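Chain and residue survey
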Amino acid sequence: MAEIGHFIDGKHVAGTSGRTSNVYNPATGEIQATVSLASDAELAAAVASAKAAQPKWAATNPQRRARVFIKFVNLLNEHMDELATLLSKEHGKTIEDAKGDIVRGLEVCEFVIGIPHLAKSEFTEGAGPNIDMYSIRQPVGIGAGITPFNFPAMIPMWMFAPAIACGNAFILKPSERDPSVPIRLAELLIEAGLPAGVLNVVNGDKSAVDAILTHPDISAVSFVGSTPIARYVYGTAAMNGKRAQCFGGAKNHMIIMPDADLDQAANALMGAGYGSAGERCMAISVAVPVGEDTANRLIEKLVPMVESLRIGPYTDEKADMGPLVTKEAQARVTSLIDRGVEEGAKLVVDGRGFKLQGYEDGFFVGGCLFDHVTPDMDIYKTEIFGPVLSVVRAKNYEEALDLPMKHEYGNGVAIYTRDGDAARDFASRINIGMVGVNVPIPVPLAYHSFGGWKSSSFGDLNQHGTDSIKFWTRTKTVTSRWPSGIKAGAEFVMPTMR
Ligand code: NAD
């Protein structure tokens, strides 16, 4: 059986810790490889490689750094089918969805091709008598990224592209569930001209994460995953003097106003609720129709759509969604559905018994639809991360707005309406990081920034966009005066501009 190791100093390195984790084909339930789980010494070797490579890379002018990403983007496009297949085979999502995962990462690589402009400094001539002042952005040194299983191409690229373009070296610790694509991305970056050691991929679990969080040579950590781990990584990184941005879980609501086009809203809920089997941090998991009539009409439209979802392995080109990532994920989602039934929510479409002929051991769960969910239920409070949509009926707009406002998470939210006043009021008052108006999954494009509020995010700078350039650099401000501008004699008073 294939054993996936690490990618350190520009080469594949076999794991030496003796600890491994299984990598499954979620459609068949078969173990297709094992992945090495790094020891502290293996992580330290990756950091040593990064430390040796970083000064020269930082001194490489930004246009040359940008050119590596121009070539990398071309290579990603050339290898799109191969990368998507590799990704789907370990994650389970459909091939077209896997391409979306890759392209959304590729777009951030396109964005950082603008690094010569993005990282330009500020300069003030004549800030005082004969005084000039300028602020420069310098790389933080060595950055690290810890990524989740659900976007094994996009999220690593969201992290390493801006970090590397800014002149840092980078340690990527991908999810142990689907480690092959991150390693392939590192190989392609070497082919694009990135010097060895600038990007190292270290596979592992909590132990590798802890080694990153306590390593004195790593200056900044970016994390994406579940909220308890995000909170832990944020706190531990900060305790160890590191800059950190940590993005967590979600429970994204979609408000459907009585004036909304209900066909559009139902279609949006299908894609946003069941696409990628609900394993997206921006998935819509709660639909909030406003008014009984809207709710009844929406349920009437959704039931046959959920019942006719096409579920299949990634090799089925017509599948709407695939299996969940692991048997544990399948068991967890199924038990949460059981819990919803116990709590009294009405399970109007039950996908628990779903079996696919020829794939009986796959980690599938059929699409589920709950009606009459209430805010006190566990299935409302918990991120299910599966193909389960909950309908919470609201009497009016204020009651609907109150639901996402009071929820623990604050990643994404959407409103479906034709009423500009309602949409504007909603976008202005809601306490959530990414808002869609007639857009179910409002993931900002590469040149804006991505990030939630409340328990969906810890730290103050978001992913990609100009925030990412700020996160992966430090500001240094220089005040200069040449001898001809210096008055004779010592100055004892604090200089001011009064
Ligand atoms: P996870 O938290 O289990 O794992 C994320 C990373 O943390 C992995 O690399 C994993 O190896 C590591 N890890 C796991 N347990 C750890 C521990 N005890 N200590 C230290 N590190 C640990 O998340 P997941 O299941 O891979 O991904 C799904 C979660 O990620 C969902 O909650 C989803 O909402 C969230 N997510 C959030 C965003 C966002 O931008 N907010 C994007 C994608 C996914």
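Once a new chain begins, its residue numbering starts again from 1 and follows that chain's sequence as written. Residues qualify for local features only when their pLDDT is at least 70, as the model is predicted, and side-chain atom pairs are given and counted only at 80 or more; totals for whole chains, interfaces and linings, by contrast, use all residues. Each side-chain value is derived from all of the structure's non-hydrogen atoms; neither hydrogens nor water enter the calculation.

1. A few points about the sheet that holds strand S7 (residues 131-139)
Each strand in a sheet pairs with another by means of backbone hydrogen bonds, the pair being arranged parallel or else antiparallel. The line we're drawing: Strands pair, by our definition, only if DSSP identifies at least two bridges between them. The way it works is that DSSP assigns letters per residue, a run of H or I at least four long becomes a helix, a run of E at least two long becomes a strand, and they are numbered from the N terminus. Where helices are involved, their axes are fitted lines through C-alpha atoms of the stretch in contact, as for all axes, and angles between N-to-C directions lie from 0 to 180°.
Ordered by their spatial adjacency, 3 strands build an open sheet running S6-S7-S23, and the pairing between neighbours is antiparallel. Single-partner strands in this sheet number two, and they are strand S6 (122-128) and strand S23 (473-481). Neighbouring strand axes in the sheet, compared pairwise and without regard to direction, differ in orientation by 25° on average. By the bridge criterion, 4 bridges tie S6 to S7 in an arrangement that is antiparallel.

2. A look at helix H11 (residues 292-307)
As a reminder of what qualifies: Here, expected helix span is obtained from the residue count minus one, scaled by 1.5 Å. Only protein chains enter the calculation, and the probe is 1.4 Å; a residue is then buried if its accessible area is under 20% of its type maximum, exposed if over 50%, and partly exposed in between. Residues are treated as being in contact if the distance between any of their heavy atoms lies within 4.5 Å.
With 16 residues, H11 extends 22 Å from end C-alpha to end C-alpha; this agrees with the ideal 22 Å at 1.5 Å per step. Listing the buried residues of H11 in full gives Thr-294, Ala-295, Leu-298, Ile-299, Leu-302, Val-303 and Val-306. Where H11 is buried, its residues touch strand S13 (252-256), helix H10 (262-274), strand S14 (284-289), strand S15 (346-349), strand S16 (368-371) and strand S17 (388-391).

3. Brief notes about the domain arrangement of the protein
Note on interface size: it is often stated as the accessible area lost on association of the parts. Quick note on the threshold: Where each domain starts and ends follows an automatic or database-derived domain assignment. Simply put, the buried area is the total loss of 1.4 Å probe accessible area from both parts when two parts are fitted together. For salt bridges, the criterion is a side-chain nitrogen of Lys or Arg within 4 Å of an Asp or Glu carboxyl oxygen. A 3.5 Å cut-off defines polar contacts: any pair of N or O atoms within that distance qualifies, except that in protein one atom must be a possible hydrogen donor and the other a possible acceptor, and neighbouring residues in sequence count only when both atoms are side-chain atoms.
Domain boundaries in the protein define domain 1 (2-248 + 456-478) and domain 2 (252-437). Just the C-alpha atoms count here: the centres of domain 1 and domain 2 sit 31 Å apart. Summed over both partners, the interface of domain 1 with domain 2 comes to about 1,900 Å²; 62% of that surface belongs to carbon and sulfur atoms. The largest contributions to the domain 1 side of the interface with domain 2 come from Ala-27, Thr-94 and Ser-456, which together make up 25% of the buried area. Between domain 1 and domain 2 we count 1 salt bridge in total. For Arg-280, the salt bridge goes to Asp-97, with nearest N and O atoms at 2.9 Å. Applying the counting rule to domain 1 against domain 2 returns 6 residue pairs in polar contact (both at pLDDT 80 or more).

4. Some points on empty space enclosed by the protein
It is a probe the size of a water molecule, rolled over the atoms, that shows where empty space is left. Selection criterion: Put simply, the grid is 1 Å and covers the protein atoms alone, a cavity is a trapped set of points that fit a 1.4 Å probe, a pocket is an open set with protein on both sides within 12 Å along at least five of seven lines, and lining residues have an atom within 4 Å of a point. Grid points are joined across faces, edges and corners, and a volume is the space filled by probe spheres set on the points. Polar here means any residue other than Ala, Val, Leu, Ile, Met, Phe, Trp, Tyr, Cys and Pro, which are nonpolar, and Asp, Glu, Lys and Arg, which are charged; Gly is therefore polar.
Scanning all chains against the criterion turns up 2 cavities of 30 Å³ or more. Approximately 110 Å³ is the volume attributed to the largest cavity. Forming the boundary of the largest cavity are 15 residues, of which Gly-278, Arg-280, Ala-283, Ser-285 and Phe-385 lie nearest the centre. Residues of the lining of the largest cavity, tallied by class, amount to 7 nonpolar, 5 polar and 3 charged. Size it by volume and the second largest cavity reaches roughly 40 Å³. Taken together, Ile-155, Trp-158, Val-224, Phe-247, Gly-248, Cys-281, Asn-411, Phe-450 and Gln-463 make up the lining of the second largest cavity. Looking at side-chain class alone, the lining of the second largest cavity contains 6 nonpolar, 3 polar and no charged residues.

5. Description of helix H1 (residues 40-59)
Condition: In this analysis the local bend is the angle between axes fitted, respectively, to the seven residues ending at and the seven residues starting at the residue.
Its 20 residues place the ends of H1 29 Å apart at the C-alpha level, agreeing with the 28 Å of an ideal helix rising 1.5 Å per residue. Ala-53 marks the point of greatest bend in H1, at about 35°, and the proline Pro-55 comes within the next four residues. Taken together, the buried positions of H1 are occupied by Glu-42, Leu-43, Ala-46, Val-47, Ser-49, Ala-50, Ala-53, Gln-54 and Trp-57.

6. Digging into the site of the ligand
Selection criterion: Note on terminology: near, applied to a residue and a molecule or strand, indicates that one of the residue's heavy atoms is within 4 Å of it. Note that accessible areas follow from Shrake-Rupley with a 1.4 Å probe, and for residues the cover is restricted to the protein chains shown. If over half the atoms of a molecule are within 2 Å of the grid points of a cavity or pocket, the molecule is regarded as sitting in it.
Around the ligand, a shell composed of 26 residues is seen, among which Thr-147, Lys-173, Glu-176, Ser-226 and Glu-383 lie nearest. Thr-147 has a polar backbone atom sitting 2.8 Å from an oxygen atom of the ligand. The protein chains hide 87% of the 850 Å² of surface that the ligand would expose on its own. More than half of the atoms of the ligand fall within 2 Å of the grid points belonging to the largest pocket. Taken together, the residues of the shell around the ligand sort by class into 13 nonpolar, 9 polar and 4 charged. Counting the residues that make up the shell around the ligand, at least three belong to each of domain 1 (2-248 + 456-478) and domain 2 (252-437).

7. Comments concerning the UniProt feature "domain: Aldehyde dehydrogenase" (unreviewed entry) in the protein
Note the threshold: UniProt positions are given in the numbering used here, feature names are shortened, and annotations may be inferred rather than shown by experiment.
Using the residue numbers shown here, the UniProt feature "domain: Aldehyde dehydrogenase" (unreviewed entry) corresponds to residues 14-478. Secondary structure over residues 14-478 splits into 42% helix and 21% strand, and the C-alpha atoms at its two ends are 46 Å apart.

8. Topic: the sheet that holds S17
Taken in spatial order, the 7 strands of this open sheet run S15-S16-S17-S14-S13-S19-S20, and their pairing is mixed. The sheet is open, and its two borders are formed by S15 and strand S20 (434-437), each paired with just one other strand. Along the sheet, successive strands turn relative to each other by an average axial angle of 20°, direction set aside. Here 3 bridges tie S16 to S17, and the two strands are oriented parallel to one another. Residue pairing in the sheet places Cys-368 in a bridge with Val-388 of S17. Each of S13, S14, S16, S17 and strand S19 (412-416) is contacted by H10, which is oriented at about 170° to S13, the strand it contacts most. With respect to the sheet, H11 is in contact with S13, S14, S15, S16 and S17, its orientation differing from that of S16 by roughly 165°.

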